[in-house]
Amino acid sequence: MSNEIQRMLTAIQFWHLARQESKRTILCEPHREHQVRAAIDQAGAADILTVRPSPVCPEGKLLVIDENALDAGLQEAAQRGPMFPWMGRSS
């Protein structure tokens, strides 16, 4: 394989990974779901932005969540065990 093709493949892999890692979830008020989804579709970002309606979303705001980072943090916390040693102990 030539060096030029190898560089092209490396660049493609890099941008694919960057796009995958840039995925986010947008929380919005339930009545705005279709409006937000339409704006994301129009921007051509539907493959990296997921819209979810949420009753806890503040009025007039959008919340952007990195679910992959949240999952990784939860897994790390679960491996460390309880934050407070006395939690989870039975008397």
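Everything quoted here is computed from the prediction, not taken from an experiment. Position numbers for residues count from 1 along each chain, tracking the sequence in the order it is written. With the structure being a predicted model, the display of local features is reserved for residues of pLDDT at least 70 and the display and counting of side-chain atom pairs for 80 or more, all residues being used for whole-chain, interface and lining totals. Water and hydrogen atoms play no part in the side-chain values, which are based on all heavy atoms of the structure.

Participant: How should I be thinking about the pattern of salt bridges in this particular structure?
Facilitator: Close approach of charged atoms allows side chains with opposite charge to pair. Salt bridge criterion: a side-chain nitrogen from Lys or Arg within 4 Å of a carboxyl oxygen from Asp or Glu. Going through the model one piece at a time under the given rule, you end up with five salt bridges. Arg32 is the salt-bridge partner of Glu29, the closest N and O atoms lying 3.6 Å from each other. Any residue under 20% of the maximum accessible area for its type is buried, any over 50% is exposed, and the rest in between are partly exposed; the area is computed with a 1.4 Å probe on protein chains only. The buried category is assigned to Glu29, whose relative accessible area is 9%.

Participant: Just to check I follow, could you spell out the nonpolar core for this structure?
Facilitator: In summary, soluble globular proteins display a tendency toward joint burial of nonpolar side chains. Ile26, Cys28, Val36, Ile40, Ala45, Ile48 and Val51 form the largest nonpolar core, which has seven residues in total. Any two residues having at least one pair of non-hydrogen atoms within 4.5 Å are treated as being in contact. If we ignore the near neighbours within four places in the chain, the residues touching Ile26 are Val36, Ile40, Leu49, Thr50, Val51, Arg52, Leu62, Leu63 and Val64. Working definition of a nonpolar core: buried Ala, Val, Leu, Ile, Met, Phe, Trp, Tyr and Cys residues. They are joined through side-chain atoms within 4.5 Å.

Participant: So what exactly am I meant to see when it comes to the sheet that holds strand β2 (residues 49-53) here?
Facilitator: The strands making up a sheet associate through backbone hydrogen bonding, with each pair oriented either parallel or antiparallel. At least two DSSP bridges between two strands are needed for those strands to be called paired. Under the scheme used here, helices are H or I runs from DSSP no shorter than 4 residues and strands are E runs no shorter than 2 residues, and both carry numbers assigned from the N terminus. The strand order β2-β1-β3 describes an open sheet built from three strands, whose pairing is mixed. Looking along the sheet, the strands with just one partner apiece sit at the ends: β2 and β3 (63-65). For this sheet, the mean inter-axis angle between neighbouring strands, taken without regard to orientation, is 25°. Both strand β1 (residues 24-28) and β3 contribute to a ladder of three bridges, which runs antiparallel. Paired with Ile26 across the bridge in β3 is Val64. In this analysis, axes come from line fits to C-alpha atoms, helices being fitted only over the stretch in contact, and the angle between any two N-to-C directions falls in the range 0 to 180 degrees.

Participant: Could you clarify how one ought to interpret helix α3 (residues 67-80) in this entry?
Facilitator: Along an α-helix, residues three or four apart share an orientation, since each turn contains 3.6 residues. Helices are assigned an expected span. That span is 1.5 Å times one less than the residue count. In this model α3 runs 20 Å from its N-terminal to its C-terminal C-alpha over 14 residues, within 8% of the 20 Å that 1.5 Å per residue would give. Pairing of N or O atoms within 3.5 Å defines a polar contact, subject to two protein rules: one partner must be a possible hydrogen donor and the other a possible acceptor, and residues neighboring in sequence count only if both atoms are side-chain atoms. For α3, the capping residue at the N-terminal end is Asp66, with a side-chain oxygen 3.3 Å from the backbone nitrogen of Asn68. One or two steps after α3, the chain reaches Gly81, where phi turns positive at roughly 95°.

Participant: I'm lost on a nonpolar patch on the surface in this one. Help?
Facilitator: Together, Met1, Ile5, Leu9 and Ile12 line one region of the surface with nonpolar side chains, adding up to about 430 Å² of accessible area. Positionally, Ile5 belongs in helix α1 (residues 3-21). A patch consists of residues whose relative accessible area exceeds 30% and which take part in no salt bridge; residues with like charges are grouped when within 9 Å of each other, and nonpolar side chains (Val, Leu, Ile, Met, Phe, Trp, Tyr) when within 5 Å. Under the convention used here, a 1.4 Å probe and the Shrake-Rupley method define accessible areas, while residue burial counts only the protein chains that appear.

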